[in-house]
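# An overview of the molecular structure
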Amino acid sequence: MEPNITRYKIHGGAVILQDEILPNGTVLVENGKIVEVRAGNIDFPGAIEIDAKGSYISPGFIDIHIHGGGGHDFMDGTVEAFLEIAKTHARYGTTSMLPTTLTSEKEDLILTLEAYQQALLLNTEGASFIGMHLEGPYFALSQRGAQDPKYIRNPDPEEYQFILENYDCIKRWSAAPELPGAIEFGDYVSSKGVLVALAHTDAIYEEVEKAFAHGYHLATHFYSAMSGVTRKNAFRFAGAVEAGYLIDDMDVEIIADGVHLPSPLLKLIYKIKGAKKTALITDAMRAAGLAPSNSILGHKDKGLAVIVEDGVAKLPDRSAFAGSVATADRLVRTMLQMTDAPLLEIIQMISDVPARIMKIDAQKGSLTKGKDADILIFDQDINIQMTMVHGRIVYSL
């Protein structure tokens, strides 16, 4: 890092904008902000020059659902875990992240929220934090996936009101909308300006449709731990997956690691929802960025033992996936290899779209004058060569 340098000129590469790719462009950075983006080579006296050498110059990747990496999990509840996860994923192109919890005891949740607030002030060498995402504990037990069943419960007004009144860092909360009290939960959480998402749910279409009107505007890891078509007394019912498709204004996020969702489903999501309603997420756990081995999902001492194989984390009996080990660059490569989506739209799905979903698109998500200088350089194979966060180089080859 070079804290005393305030001006950068990034040039000699293909600049990925919101609606086009400039074959040869320049991005100028001053005091952490983008001050100019233009085709060709622009003079910028006194700036440090960075030659992209024909590679892509891209907006940074924004991961709005991530649990860990580099051997750490946010549920460890330590400042060190937060900072090391931020540094690990910055190497793979993530410039902003929404640290995500797991279903847990209230005390462990509070510990993690306290650690976030401390780490936020110290985080200068990795991806920036844009708030906390609470995943659980209000889930359908039948769709728990790798969430620890002993902590799963119905929405508790006393609990969630206390948490939101005391921790303004929470920006998103995922829950199952069919549970008793889940509609009231949606109303309260969204009234606080917090995004409500449906997750780990057995809801049928009609329940999701109602929930959407009460704040449930995002489908958490679409398809994963989520109901599809079911039959009751011989009658078919559309589920949460079908609701995600049919409700035009609902955003979906997908774990595009090529394992959680195979190519046909990635293609279907892209075909129906389109790039502008789809966000790419890692949902990465602590083994991301490490060689495959046994690992722990959640708190290092209280979490669930998992195995990492086939490019994914699994429960030991291999009955369910237990989070991904993907990094953001892998998501982009997977979409390029497994779908017909062009690079321009794939980058939108991991920058502009998540920024809009989290309502930070005035500051982040695209290479636009006035926005934060969250910038990447990567080659044709999406190998990250440089990561800049708010005008600071936090990783370079």
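Residues numbered from 1 in each chain as written. Predicted model: local features only at pLDDT ≥ 70, side-chain atom pairs only at ≥ 80, totals over all residues. Heavy atoms only, no water.

### Some words on the nonpolar core
In terms of nonpolar packing, the biggest core is built from 83 residues, with Leu113 and Ile170 touching the most fellow members. Ranked by residues supplied to this core, first place goes to helix 2 (residues 106-122) with 6 residues. Once residues lying within four places of it in the same chain are set aside, the contact partners of leucine 113 are Met132, Leu134, Ile163, Tyr167, Cys169 and Ile170. (Core = buried A, V, L, I, M, F, W, Y, C linked by side-chain atoms within 4.5 Å. Buried < 20%, exposed > 50% of the residue type's maximum accessible area, 1.4 Å probe, protein only. Helix = DSSP H or I, 4+ residues; strand = E, 2+ residues; numbered from the N terminus. Contact = heavy atoms within 4.5 Å.)

### A word on the side chain of serine 224
Looking at the element boundaries, serine 224 is found in the loop between strand 14 (216-219) and strand 15 (230-232). Owing to a relative accessible area of 17%, serine 224 belongs among the buried residues under this scheme. Filtering out sequence-adjacent residues up to four positions away, serine 224 remains in contact with Ile255 and His260.

### Considering the UniProt feature "domain: Amidohydrolase-related" (unreviewed entry) in the chain
Feature annotation in UniProt assigns "domain: Amidohydrolase-related" (unreviewed entry) to the following positions: residues 56-394. In this annotation, residues 56-394 is assigned 29% helix and 25% strand; the end-to-end C-alpha distance for the span is 18 Å. (UniProt positions renumbered as here; feature names shortened; annotations may be inferred.)

### Some points on the sheet that holds strand 19 (residues 294-297)
Pairing within the open sheet is antiparallel, and its 4 strands lie in the order 19-20-21-22. Two strands bound the open sheet, and with one partner strand each, they are strand 19 and strand 22 (321-324). Between one strand and the next, the sheet's axes are offset by a mean angle of 40°, whatever the strand orientation. Relative to strand 22, strand 21 (residues 312-314) runs antiparallel, the two being bridged by 2 bridges. Paired with lysine 314 across the two strands is phenylalanine 321, which belongs to strand 22. (Pairing = 2+ DSSP bridges. Axes fitted to C-alpha atoms, helices over the stretch in contact; angles between N-to-C directions.)

### A word on unusual backbone geometry
Following glycine 136, the chain continues into proline 137 via a peptide bond in cis, with omega recorded as 10°. Position of proline 137 among the secondary structure elements: in the loop between strand 11 (132-135) and helix 3 (157-166). One non-glycine residue, histidine 221, lies in the positive phi region at around 25°. Structurally, histidine 221 can be placed in the loop between strand 14 and strand 15. Look at histidine 221 and you get buried, because its relative accessible area is 3%. At aspartate 310, a position not held by glycine, the phi torsion is positive, near 55°. For aspartate 310, the location among the structural elements is in the loop between strand 20 (304-309) and strand 21.

### Side note on a nonpolar patch on the surface
On the surface, Leu120, Leu121 and Leu122 cluster together to form a nonpolar patch covering roughly 330 Å² of accessible area. Tracing the sequence through the fold places leucine 122 in helix 2. (Patch = residues over 30% accessible without salt bridge, like charges linked within 9 Å, V, L, I, M, F, W, Y side chains within 5 Å. Areas by Shrake-Rupley, 256 points an atom, 1.4 Å probe, with all protein chains shown as cover. Salt bridge = Lys/Arg side-chain N within 4 Å of Asp/Glu carboxyl O.)

### Some words on the packing of helix 7 (residues 263-272) against helix 8 (residues 328-338)
Where helix 7 meets helix 8, the closest approach of the two axes is 10 Å, and the angle between their N-to-C directions is 90°. The orientation of helix 7 with respect to helix 8, classified from their angle, is roughly perpendicular. Contacts between helix 7 and helix 8 pair Ser263, Leu266 and Lys267 from the former with Thr334, Met335 and Met338 from the latter. (Parallel < 35°, antiparallel > 145°, perpendicular 65-115°, else oblique.)

### Quick word on the sheet that holds strand 6 (residues 61-66)
The 3 strands lie next to each other as 6-9-10, forming an open sheet whose pairing is parallel. Two strands bound the open sheet, and with one partner strand each, they are strand 6 and strand 10 (128-129). Where strand 6 lies against strand 9 (residues 94-99), 4 bridges are found, and the strand directions are parallel. When the sheet's bridge partners are listed, phenylalanine 61 is paired in strand 9 with threonine 94.

### Some remarks on the packing of aromatic side chains
All chains considered together, the criterion is met by 15 aromatic pairs. Between tyrosine 138 and tryptophan 173 the ring centres are 5.9 Å apart and the planes differ by 15°, which places this aromatic pair in the stacked class. Placement of the pair is tyrosine 138 in the loop between strand 11 and helix 3 and tryptophan 173 in strand 12 (residues 170-175), with a sequence separation of 35 residues. Comparing tyrosine 138 with tryptophan 173, the two get one shared label, buried. Between tyrosine 223 and tyrosine 245, the ring centres sit 6.3 Å apart and the planes meet at 70°, which makes this aromatic pair edge-to-face. Residue tyrosine 223 is found in the loop between strand 14 and strand 15, and its partner tyrosine 245 is found in helix 6 (residues 240-246); the two are separated by 22 residues along the sequence. (Phe/Tyr/Trp six-rings, centres within 6.5 Å; stacked < 30°, edge-to-face > 60°.)

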